[in-house]
Amino acid sequence: KTDDLSARLSDVRPRVHVETEKERRGNLYRRDEDWVKERERRRLDALTLRAELEMTYVTGKPQISCSKESWAIAKKSHEEALKKAAEEEAESRKRKEKNVRIASEIKMKEISR
């Protein structure tokens, strides 16, 4: 009778599936893959939302009321950049002339010795 009882109990007890190492690695890989897909989806959603927010107040029409001020600011900025470039070029030219003059003086001293 005990054999019969143990056979019946084994049928009643839930069977526990012991996960193998290979199955566990496969599940971990799938979880990581799902996590990466979800992260990428969220990143793209955030980028789309940011782009939509940036375009919220863009009407596509020029604001003529501000154009004269804008052109004046741009012209002033351009003139300042040209002035700065001219000053840098002049300084560079002076440095080169100085270096050439020093080199020629050194040559003249060597020749006179």
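Here the residue numbering is sequential within each chain, running from 1 through the sequence in written order. Restriction of local features to residues with pLDDT of at least 70 applies here, the model being predicted, together with a cutoff of 80 or more for giving and counting side-chain atom pairs; totals for whole chains, interfaces and linings are based on all residues. Calculated side-chain values reflect all of the structure's heavy atoms, with hydrogen atoms and water omitted.

Novice: Would you take a moment to explain the overall build of the protein for this structure?
Specialist: Numbered from the N terminus, helices here are DSSP runs of H or I no shorter than four residues, and strands are runs of E no shorter than two. Along the backbone of the protein there are 3 helices and 0 strands. Along its sequence from the N terminus, the protein presents helices and strands in the succession α-α-α. Three labels apply to residues, based on accessible area from a 1.4 Å probe with only protein chains included: buried if under 20% of the type maximum, exposed if over 50%, partly exposed otherwise in between. Split into buried and exposed, the 113 residues of the protein put 0% on the buried side.

Novice: Honestly, the confidence of the model for the protein in this entry has me stumped. Any pointers?
Specialist: Detailed reading of the predicted coordinates is not advisable wherever pLDDT falls low. Averaged over all residues, the pLDDT of the protein equals 82, while 81% of them reach at least 70. Every residue is assigned a pLDDT by the predictor, reflecting its confidence on a scale from 0 to 100. The lowest-confidence element of the protein is helix H1 (residues 2–12), averaging 58 in pLDDT; the highest-confidence one is helix H3 (residues 64–112), averaging 90.

Novice: How do you make sense of the environment of Ser 112 when you look at a structure like this?
Specialist: With respect to the helices, strands and loops of the structure, Ser 112 is situated in helix H3. Look at Ser 112 and you get exposed, because its relative accessible area is 60%. Within the structure, the side chain of Ser 112 is placed 2.9 Å from the backbone oxygen of Lys 109, a separation counted as a polar contact. Within 3.5 Å is the distance limit for a polar contact, defined as a pair of N or O atoms, with the added protein rule that one can donate a hydrogen and the other accept it, and that residues adjacent in sequence qualify only through two side-chain atoms.

Novice: What should I look at first to understand the pattern of salt bridges in this one?
Specialist: Oppositely charged side chains are able to pair whenever their charged atoms sit close together. Salt bridge criterion: a side-chain nitrogen from Lys or Arg within 4 Å of a carboxyl oxygen from Asp or Glu. Tallied over the full model, the rule gives 5 salt bridges. When the shortest N-O distance is used, the salt bridge between Arg 41 and Glu 38 registers 2.4 Å. On the criterion of helical spacing, the pair formed by Arg 41 and Glu 38 is a turn pair, its members being 3 residues apart in helix H2 (residues 21–54). By relative accessible area, which is 30% here, Glu 38 ends up partly exposed. A salt bridge links Arg 41 to Asp 45; its shortest N-O distance comes to 2.8 Å. Taken together, the positions of Arg 41 and Asp 45, both in helix H2 and 4 residues apart, correspond to about one turn of that helix. With a relative accessible area of 41%, Arg 41 lands in the partly exposed category. Note on Asp 45: relative accessible area 40%, which makes it partly exposed. Overlapping salt bridges bring together Glu 38, Arg 41, Arg 42 and Asp 45 as one network.

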